[in-house]
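# Breakdown of the fold
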Amino acid sequence: MTTLAETNDTLVATPLAGTRGGVAALQSAAQTPFYVLDEHPHPAGYSTQLGFWIYIMSDCLLFSVLFAAYGVLGGSYAAGPAPKDLFDLNIVALNTTMLLLSSITYGFAMLSMQSNSVGRTQIWLAVTAFFGLCFIGIELHEFYGMIREGATPQRSAFLSSFFTLVGTHGLHVTTGLVWMVTLMVQVGQRGLIEANRRRLLCLSMFWHFLDVVWIGVFTFVYLMGMLR
Amino acid sequence: MNDAHASHGGAHDVAHAAAHDSHEPHITLDGYLIGFGLSVILTAVPFYLVMSGVLESKTATAFAITILAVVQIVVHMVYFLHLDAKSEAGWNLMALIFTAVILIIALTGSLWIMYHLKVNMMPMNMSHLP
């Protein structure tokens, strides 16, 4: 085992008048730094969760830029329709309910996974996917209504940034749904093996993160839009 | 030396396995239900504030729903994403703080600069053009 402890002695000793006594006193005061220099094996997926968290944080930055664009352009209607003419808060409230319910049902899927029940995990994943599908359906219905009235992304800067922000969130939810169905099949085929548990945990982070982004969307896009 | 290394490796694997077991966050039904209950309240209140217009001033309403959104985001982070200072030896939280700093810079910077750009822009009215 190679450590940096020896090298560290000299590194610390040089500025401290070069006496070993000084180093010993220093080391007894603070714990000796200990570095592992050689490679050692990690179990598969050891760092997946941290890596996936960092991916989610990068996704968060993507959304923050889209929010910033909406914040800047959200008031430029180009004499076109304003949020008040387009948004129906009842539909948004329904949509928010769907996503919130899907969050708690995914939690139930994780609890079923923890108690090693394949069937219940799959059922709760299916329920979550159902709510997710409702969310996407309602959102597409809303988009369809807006586009039919002529409020297309080309109409004004407000609508361009609106469709980009809300559409990107919708695409993320759709990707999450594809992932969820894939995992339901995988859990069915292989059971709740280590790899599948890891994947379910990653999807859990992804799904709850999308709910967090939606909090920003319904607050700053829809509710603030009605206040403008 | 070889022996020592092997035995150390063995000990290391055991330590890793133990660390790996605690890797999966322990999820409880109570945690999820508390988080869900708080989320429902924190979602319903801003919708009620805007839809009924209880608060006379729009600024006050906007301020209130912003605060409620921030609180709800924290609730989701704690109860649904199981974020705490201990997970991944604090690196999760570090990454989150870094992201939050960048996010605040990007949002406030964009809004601030673009607002001043708009205010200080020469008035350009199409009707004045020939």
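That block above? That's the structure.
I will try to describe carefully the structure that is included in this document. Going along each chain's sequence as written, the residues are numbered from 1 onward. As they are written, the chains are lettered A onward and the ligands numbered 1 onward, keeping that order. For a predicted model such as this one, the threshold for reporting local features is a pLDDT of at least 70, and the threshold for listing and counting side-chain atom pairs is 80 or more; totals across whole chains, interfaces and linings nevertheless cover every residue.

### Considering the overall build of chain A
What counts here: Helix numbering and strand numbering both begin at the N terminus, where a helix is a DSSP run of H or I of at least 4 residues and a strand a DSSP run of E of at least 2. Counts of 20 or more other C-beta atoms within 10 Å of a residue's own C-beta define buried residues, counts of 12 or fewer define exposed ones, and intermediate counts define partly exposed ones; C-beta atoms are placed from the backbone. Contacts here follow a simple rule: the backbone-placed C-beta atoms of the two residues must lie within 7 Å.
A count of helices and strands for chain A gives eight helices and zero strands. Going from the N terminus to the C terminus, chain A shows its helices and strands as α-α-α-α-α-α-α-α. Within chain A, buried positions represent 33% of all 228 residues. Expressed as a percentage of contacts within chain A between residues at least 6 apart in sequence, the contacts between residues at least 24 apart total 81%.

### Considering the nonpolar core
Where we set the bar: We call a set of buried Ala, Val, Leu, Ile, Met, Phe, Trp, Tyr and Cys residues a nonpolar core when their C-beta atoms link them within 7 Å.
In this structure, Leu165, Val217, Phe218 and Val221 of chain A are the most contacted members of the largest nonpolar core, which totals 62 residues. Elements supplying a minimum of two residues to this core: helix H3 (48-73), helix H5 (89-114), helix H6 (118-148), helix H7 (157-190) and helix H8 (194-227) of chain A together with helix H2 (29-52) and helix H3 (58-79) of chain B. The element best represented in this core is H8 of chain A, accounting for 19 residues.

### Regarding H3 of chain A
To keep things clear, this is the line we draw: Here the expected length of a helix is defined as 1.5 Å per residue gap, with one fewer gap than residues.
Helix length check: H3 of chain A, at 26 residues, gives a terminal C-alpha distance of 37 Å against a target of 38 Å (1.5 Å per residue), a fit within 8%. Along H3 of chain A, the residues classified as buried are Trp53, Ile56, Phe63, Ser64, Leu66, Phe67, Ala68, Tyr70 and Gly71 of chain A.

### Describing H7 of chain A
Residue and element names in this part refer to chain A. The end-to-end C-alpha separation of H7 is 49 Å, in line with the 50 Å expected for 34 residues at 1.5 Å each. As for H7, its buried residues are in contact with H3, H6 and H8. Positive backbone phi, approximately 80°, marks Gly191, located one or two places after H7.

### With respect to the packing of H5 of chain A against H6 of chain A
All names here are of chain A. Heads up, the condition is: Helix axes use the C-alpha atoms of the stretch in contact, all axes being lines fitted to C-alpha atoms, and the angles between their N-to-C directions lie in the range 0 to 180 degrees. In what follows, roughly perpendicular refers to angles from 65 to 115 degrees, roughly parallel to angles under 35, roughly antiparallel to angles over 145, and oblique to any angle outside these ranges. Crossing handedness follows the turn of the near helix against the far one: under a right angle anticlockwise gives a left-handed crossing, and clockwise gives a right-handed one.
For the pair H5 and H6, interaxial distance at closest approach is 8 Å and the crossing angle is 165°. The orientation of H5 relative to H6 falls into the category roughly antiparallel. Our pair here, H5 against H6, has a crossing hand that is left-handed.

### Observations regarding unusual backbone geometry
Residues and elements named next belong to chain A. Positioned with a positive phi, Ala79 is a non-glycine residue whose angle comes to about 60°. If you trace the backbone, Ala79 turns up in the loop between H3 and helix H4 (83-86). Of note, the phi angle at Asn116 is positive, near 60°, even though the residue is not glycine.

### So, the interface of chain B and chain A
We count it as follows: Residue polarity is assigned by list, with Asp, Glu, Lys and Arg as charged and Ala, Val, Leu, Ile, Met, Phe, Trp, Tyr, Cys and Pro as nonpolar; anything else, Gly included, falls into the polar class.
Taken together, the contacts link 43 residues of chain B with 42 residues of chain A. Tallying contributions element by element places helix H4 (residues 91-120) of chain B first for the side of chain B that touches chain A, with twelve residues. Within the side of chain B that touches chain A, the residues separate by chemical class into 24 nonpolar, 16 polar and three charged.

All quantities given are derived from atomic positions and should not be read as evidence of function.
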